[in-house]
Structure formats: structure tokens, C-alpha cells
Amino acid sequence: QVQLVESGGGLVQSGGSLRLSCAASGSIFNFRVMGWYRQVPGKQRELVALIGKGVATTYADNVKGRFTISTDNAKNTVYLQMNNLKPEDTAVYYCKAVPGLVNEYWGRGTQVTVSS
């Protein structure tokens, strides 16, 4: 069982930056994939960024060049650096961990609100 706790959300003006953190309850060193997703009311949860084995990254087209996903294995934490934020980035951001081939774990989310 993996517990994930997100933090770092908040209210920011358009063009501003935030860094989200997702702290895992155990080592993430060998996790197959960790990722960030977001969801707004009435819409499906969507992928924001993935990082595989702490190296390979994937980003949604609408965040490429603005967001960066990274991990700190010593702190069992995955980060999402978000720059040049836009009002359409407003959502609840969720962390996901996929340690192996079957199980996946989600955090409870952190709210990000970008004002225009």
C-alpha cells in the first residue's frame, strides 16, 4: 500500500508559478511510473505529466514548455513545477503512483486556482 500526499497548491495570478509536491509513504526509487493529473468539475481527469523510472517524461500538449515533472528519490517525492500559469490550468491536481504492473495509487489532490 502506498500513500500519497500532495501539497503546494493555491491561488496565483496568471503568469505566475507554483510547485506541487507529492510525498510518498515509502521509497519511489523503483516505481515504474509516477504522474500528475488534473480534474475540473464536470470533466474527466486528464493527464498532465508522467515520469518513468525517474527519467523518461511525458507531458500533455497544453503544458509542454511550461510544466516540469521531477523526482527526488531521497525524499520519496515527485514534483510538478508549473510556470506561466493560465486560468485554464485551474483544477484539482492529483498525484498517481504505479509501482509495478498492476496496482496504482492516488493522492487526495490539491487545488490550483489561477486568476486572470
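Everything below is about the structure shown above.
Here is what the cut-offs are and how they apply
Residues numbered from 1 in each chain as written. Predicted model: local features only at pLDDT ≥ 70, side-chain atom pairs only at ≥ 80, totals over all residues. Heavy atoms only, no water. Core = buried A, V, L, I, M, F, W, Y, C linked by side-chain atoms within 4.5 Å. Buried < 20%, exposed > 50% of the residue type's maximum accessible area, 1.4 Å probe, protein only. Helix = DSSP H or I, 4+ residues; strand = E, 2+ residues; numbered from the N terminus. Contact = heavy atoms within 4.5 Å. Pairing = 2+ DSSP bridges. Axes fitted to C-alpha atoms, helices over the stretch in contact; angles between N-to-C directions. Salt bridge = Lys/Arg side-chain N within 4 Å of Asp/Glu carboxyl O. Disulfide = S-S within 2.5 Å.

Chemist: Account for the nonpolar core, naming residues and giving values.
Modeler: Residues L4, M34, W36, L80, M82 and Y93 are the most contacted members of the largest nonpolar core, which totals 30 residues. For this core, the elements supplying multiple residues, two or more each, are β3 (18-24), β4 (33-39), β5 (46-52), β7 (67-72), β8 (77-82), β9 (91-98) and β11 (110-115). Once residues within four sequence positions are removed from consideration, M34 is found in contact with L4, I28, A49, L50, I51, I69, V78, C95, K96 and A97.

Chemist: Can you lay out the environment of R108 for me, pointing to particular residues and giving the numbers?
Modeler: Among the structural elements, R108 can be located in the loop between β10 (105-106) and β11. Non-local contacts of R108, meaning those with residues more than four positions away in its chain, are made with L4, E6 and Y94.

Chemist: Account for the sheet that holds strand β1 (residues 4-7), naming residues and giving values.
Modeler: Strands sit in the order β1-β3-β8-β7 across an open sheet of four strands; the sheet is antiparallel. The open sheet terminates on both sides in strands that have one partner only, identified here as β1 and β7. Across the sheet, the axes of successive neighbouring strands diverge by a mean angle of 15 degrees, strand direction being ignored. Relative to β8, β3 runs antiparallel, the two sharing six bridges. From the neighbouring strand, L18 faces β8, where its bridge partner is M82.

Chemist: Got a sec to walk through the pattern of salt bridges? Specific residues and values, please.
Modeler: Summed over the entire model, instances satisfying the criterion amount to five salt bridges. Residue R38 is joined to E46 by a salt bridge in which the shortest nitrogen-to-oxygen separation is 2.7 Å. Of the charged contacts in the structure, one is a salt bridge between D89 and R66, with a shortest N-O distance of 2.8 Å. Here D89 is found in the loop between β8 and β9, whereas its partner R66 is found in the loop between β6 (56-59) and β7, with 23 residues between them in sequence. Neither residue differs from the other here; D89 and R66 are each classed as buried. Taken together, the shared-partner salt bridges in this structure form one network comprising R38, E46, R66 and D89.

Chemist: Please provide a residue-by-residue account of the state of the cysteines, values included.
Modeler: One pass over the full model with this rule turns up one disulfide. Between the sulfur atoms of C22 and its disulfide partner C95 the distance amounts to 2.1 Å. Here the S-S torsion is close to -80 degrees, and the disulfide linking C22 with C95 is therefore left-handed. Of this pair, C22 sits in strand β3 while C95 sits in strand β9; the two residues are 73 residues apart in sequence, bridging distant segments of the chain.

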